[in-house]
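Observations on the three-dimensional arrangement
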Amino acid sequence: MVSWIRKRDLHILTNTIFTYTGDGRFAVVHPEGSDDWDLKIEFVQLRDGGIYECQVNTEPKINHAIMLSVEAAQANISGPEEVFVKKGSTISLTCTVNVHSTPPGSVLWYHGPSVVDFDSPRGGISLETERTEKGTTSKLLVTRAELSDSGNYTCVPSNANPASVGVHVLNGEHPAAMQRPSNAASSSSRCSCALLVLALLGALLVAR
């Protein structure tokens with residue numbers, strides 16, 4: 001007899017073709033006439049990581065341990081972390097989740113803390129979603145971009161960690177213009193430092 005055991009709690013998951021756990025994600029696959037006894041885990045979760053041992057009830061006993069490492073899946077939004085678009089143009093954001101799951105996962109989009117409302121009076125917001133066994137691609141389109149459409153957009157999959165991107169809707173100005181205040185502040189600081197140095201030099205000359 002062939003059994004699969006989860007080592008962390010010594011729980012017998014399967015014995016021959018029978019399953020001994022209330023977790024329906026676990027099953028054994030044994031093609032008829034073969035010597036293969038494969039442990040199958042559907043919808044794998046982080047807590048499933050650990051050592052699993054296949055045991056054969058012989059004398060002496062034969063066993064083989066396998067370490068299962070589970071990493072959190074991560075969504076990805078194509079392009080740079082900061083997106084600049086002109087007012088009136090289209091915001092296009094594409095989120096991909098390369099996770100094999102059956103059924104494929106779903107994706108929500110957030111603008112700031114709120115879920116994107118595709119039925120809002122504003123209109124012009126749509127979603128194109130492609131789901132396959134290999135993963136999910138979700139494309140958010142916001143036409144006729146307004147200044148109020150600026151902000152943080154987050155793609156939140158049901159089976160992976162979220163991804164975010166910052167969107168800036170510009171009213172005709174160049175993206176570099178957004179950096180001018182900080183540059184001006186730096187220049188002002190440099191001028192202040194120069195004046196302070198000159199004042200100190202002047203004080204030293206008077207003291208002499």
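Residues numbered from 1 in each chain as written. Predicted model: local features only at pLDDT ≥ 70, side-chain atom pairs only at ≥ 80, totals over all residues. Heavy atoms only, no water.

- Labelled according to an unreviewed UniProt entry, the protein appears under the name Zwei Ig domain protein zig-8, originating from Frankliniella fusca.

**A word on the overall build of the protein**
- When its secondary structure is counted, the protein shows one helix and 16 strands.
- Put simply, the protein has 208 residues, and 26% of those count as buried.
- Once local pairs closer than 6 in sequence are excluded, the contacts in the protein between residues at least 24 apart make up 53%. (Helix = DSSP H or I, 4+ residues; strand = E, 2+ residues; numbered from the N terminus. Buried < 20%, exposed > 50% of the residue type's maximum accessible area, 1.4 Å probe, protein only. Contact = heavy atoms within 4.5 Å.)

**Some thoughts on the state of the cysteines**
- A complete count under the given rule lists one disulfide for this structure.
- Here Cys95 connects covalently by a disulfide to Cys155, the sulfurs 2.0 Å from one another. Between Cys95 and Cys155 the sulfur-sulfur dihedral comes to about -65°; the bridge is accordingly left-handed. With a gap of 60 residues between them, Cys95 in strand β10 (residues 91-97) and Cys155 in strand β15 (residues 151-157) connect regions that are remote in the sequence. (Disulfide = S-S within 2.5 Å.)

**A word on the nonpolar core**
- Judged by nonpolar contacts, the single largest core of 23 residues is most densely connected at Ile91, Leu93, Trp109, Leu140 and Val167.
- For this core, the secondary structure elements donating two or more residues are β9 (82-86), β10, β11 (107-111), β14 (135-142), β15 and β16 (163-170).
- Core analysis: the second largest hydrophobic core is formed by eight residues, Leu13, Val28, Ile41 and Cys54 among them. (Core = buried A, V, L, I, M, F, W, Y, C linked by side-chain atoms within 4.5 Å.)

**Description of the confidence of the model for the protein**
- When the pLDDT values of the protein are averaged, the result is 83; 82% of them are 70 or greater.
- Here residues 177-208 is modelled with pLDDT under 50, and outside its nearest four sequence neighbours on either side it reaches three contacts, counting other chains as well. (pLDDT = per-residue confidence, 0-100.)

**Thoughts on a nonpolar patch on the surface**
- The grouping of Ile12, Ile17, Phe18 and Tyr20 at the surface amounts to a nonpolar patch, some 430 Å² of accessible area in total.
- Relative to the helices and strands, Ile17 resides in the loop between β2 (11-15) and β3 (18-19). (Patch = residues over 30% accessible without salt bridge, like charges linked within 9 Å, V, L, I, M, F, W, Y side chains within 5 Å. Areas by Shrake-Rupley, 256 points an atom, 1.4 Å probe, with all protein chains shown as cover. Salt bridge = Lys/Arg side-chain N within 4 Å of Asp/Glu carboxyl O.)

**Quick notes on the pattern of salt bridges**
- Summed over the entire model, instances satisfying the criterion amount to six salt bridges.
- For Asp23, the salt bridge is made with Arg25, and the minimal N-O distance between the two is 3.0 Å.
- Looking at Asp23, the relative accessible area reads 21%, which means it is partly exposed.
- Of the residues examined, Arg25 reaches a relative accessible area of 10% and is grouped as buried.
- The partner of Lys40 in a salt bridge is Glu42, with the nearest N and O atoms 3.5 Å apart.
- Judged by its relative accessible area of 40%, Lys40 falls in the partly exposed class.
- Here the residues in one salt-bridge network are Asp23, Arg25 and Asp48, joined through shared partners.

**Observations regarding the environment of Arg131**
- As for its position among the elements, Arg131 is in strand β13 (residues 125-132).
- Distance from Arg131 to Val97, taken between C-alpha atoms, is 9.7 Å for residues 34 residues apart in sequence.

**What about the sheet that holds β9?**
- Across the sheet, five strands lie side by side as β9-β16-β15-β11-β12; this open sheet has mixed pairing. Both edges of this open sheet fall to β9 and β12 (114-115), since each of them pairs with a single strand only. (Pairing = 2+ DSSP bridges.)

**With respect to the sheet that holds strand β1 (residues 2-6)**
- Strand order in the open sheet formed by five strands is β3-β2-β1-β6-β7, and the pairing between neighbours is antiparallel. Both edges of this open sheet fall to β3 and β7 (62-68), since each of them pairs with a single strand only.
- Direction of pairing for β2 relative to β3: antiparallel, over a ladder of two bridges. From the neighbouring strand, Thr14 faces β3, where its bridge partner is Thr19.

**So, unusual backbone geometry**
- Cis geometry marks the peptide bond from Glu59 to Pro60; its omega dihedral reads 0°.
- A positive phi angle, near 55°, is found at Leu10, a position not held by glycine.
- Residue class for Leu10 comes out exposed when judged on its relative accessible area of 61%.
- The backbone phi angle of Phe43 is positive, close to 50°, even though this residue is not glycine.
- By secondary structure assignment, the location of Phe43 is in the loop between β5 (38-41) and β6 (50-56).

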